[in-house]
Amino acid sequence: MWRKFFIGFSALACLFSLAAAVSLSSNTMISPWMPFSIAIIVAIASSFPFWKFWRRLTGTSGCMPNSLCHIIVVAIMLPAVFYILNYTCIDTSSIHPEKCIVIKKFYKTRHRTKRVSRHSYTKGEPYNEYYMEVLFENGLSKDLLIDRKSYTRLKSGTEICLPVAEGLFNIPVIRHYGSVITSDEKDS
């Protein structure tokens, strides 16, 4: 009974951790492959000494299934912990405007779900999500979600300033970019 509970809890924790890591990676000024590749290397290296701790959860005493379980869970949890700590523990005194250029702006059409009956859902009405692709001075490119007002106001090639702060691990984090400040508005 408790084993099924911990398997379900571990699966949910991995799912939420993966969602947190993916969503916070768009606001962190580091290429996403770096934290994930480091986490995979650490997970593989730590699976040899720690595979025995997974025997109760998996119900087997074999090295291979326990090591695989350890690698999957640790490779998902480590980037999530990294991104969450870096994003939440920022140095508020280090917030400064970072200049970047809008390379392009685009939108994606999504659809809401519509409940038809008790157990069936269908595609509902469409709505748009607006994005801008920005290029920072260090060469990093990011796709950022913006509001419709900023989408209609911005043009490709416009130089904008985004608030950036130093995270816990000294990796810059983009903070509150919903209202974008162009360089022309900042000077006036």
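Report on the accompanying structure. (Residues numbered from 1 in each chain as written. Predicted model: local features only at pLDDT ≥ 70, side-chain atom pairs only at ≥ 80, totals over all residues. Heavy atoms only, no water.)

Summing up its helical and strand segments, the chain has six helices and six strands in all. Ordering the α and β elements of the chain from the N terminus gives α-α-α-α-β-β-β-α-β-β-β-α. Taken against the 2.2 N^0.38 rule, which gives 16 Å for 188 residues, the C-alpha radius of gyration of the chain at 21 Å runs more than 25% over that of a compact globule. Oriented by its inertia axes, the alpha-carbon framework of the chain measures out at about 70 × 50 × 25 Å. Here the chain holds 188 residues, and the buried ones make up 36% of them. Entry remark: accessible area of the chain is about 12000 Å², with carbon and sulfur atoms responsible for 64%. (Helix = DSSP H or I, 4+ residues; strand = E, 2+ residues; numbered from the N terminus. Rg over C-alpha atoms; globule rule 2.2 N^0.38 Å. Buried < 20%, exposed > 50% of the residue type's maximum accessible area, 1.4 Å probe, protein only. Areas by Shrake-Rupley, 256 points an atom, 1.4 Å probe, with all protein chains shown as cover.)

All right, on to helix 1 (residues 2-25) then. With 24 residues, helix 1 extends 34 Å from end C-alpha to end C-alpha; this agrees with the ideal 34 Å at 1.5 Å per step. Those residues of helix 1 not exposed but buried are Ala13, Cys14, Ser17, Ala20, Ala21, Leu24 and Ser25. (Expected span 1.5 Å × (residues − 1).)

Once that is clear, we can look at the pattern of salt bridges. Tallying each qualifying case throughout the model produces three salt bridges. Among the salt bridges present, the one from Glu129 reaches Arg110, with a minimum N-O distance of 3.2 Å. With Glu129 in strand 2 (residues 120-136) and Arg110 in strand 1 (residues 96-117), this pair connects stretches of sequence that are 19 residues apart. Glu125 is the salt-bridge partner of Arg112, the closest N and O atoms lying 3.6 Å from each other. Pair noted here: Arg112 is in strand 1 and Glu125 is in strand 2, with a separation of 13 residues, a long-range link. Glu125 gets classed as exposed once you look at its relative accessible area, which sits at 53%. (Salt bridge = Lys/Arg side-chain N within 4 Å of Asp/Glu carboxyl O.)

Going through the model one piece at a time under the given rule, you end up with eleven aromatic pairs. Each ring, one from Phe5 and one from Phe6, has its centre 5.4 Å from the other, and the planes form 65°; the classification is edge-to-face. The interplanar angle of 50° and the centroid separation of 6.4 Å between the aromatic rings of Phe36 and Tyr83 together place this pair among those described as tilted. Within this pair, whereas Phe36 is found in helix 2 (residues 33-50), its partner Tyr83 is found in helix 4 (residues 63-88), the two being separated by 47 residues in sequence. Here Phe36 falls in the partly exposed class, since its relative accessible area comes to 22%. Connected via pairs of aromatic rings, a cluster forms that spans Trp2, Phe5, Phe6 and Phe9. Between Lys108 and the ring centre of Tyr131, over which it is positioned, the NZ or CZ distance is 4.9 Å. (Phe/Tyr/Trp six-rings, centres within 6.5 Å; stacked < 30°, edge-to-face > 60°. Lys NZ or Arg CZ within 6 Å of the ring centre and 35° of its normal.)

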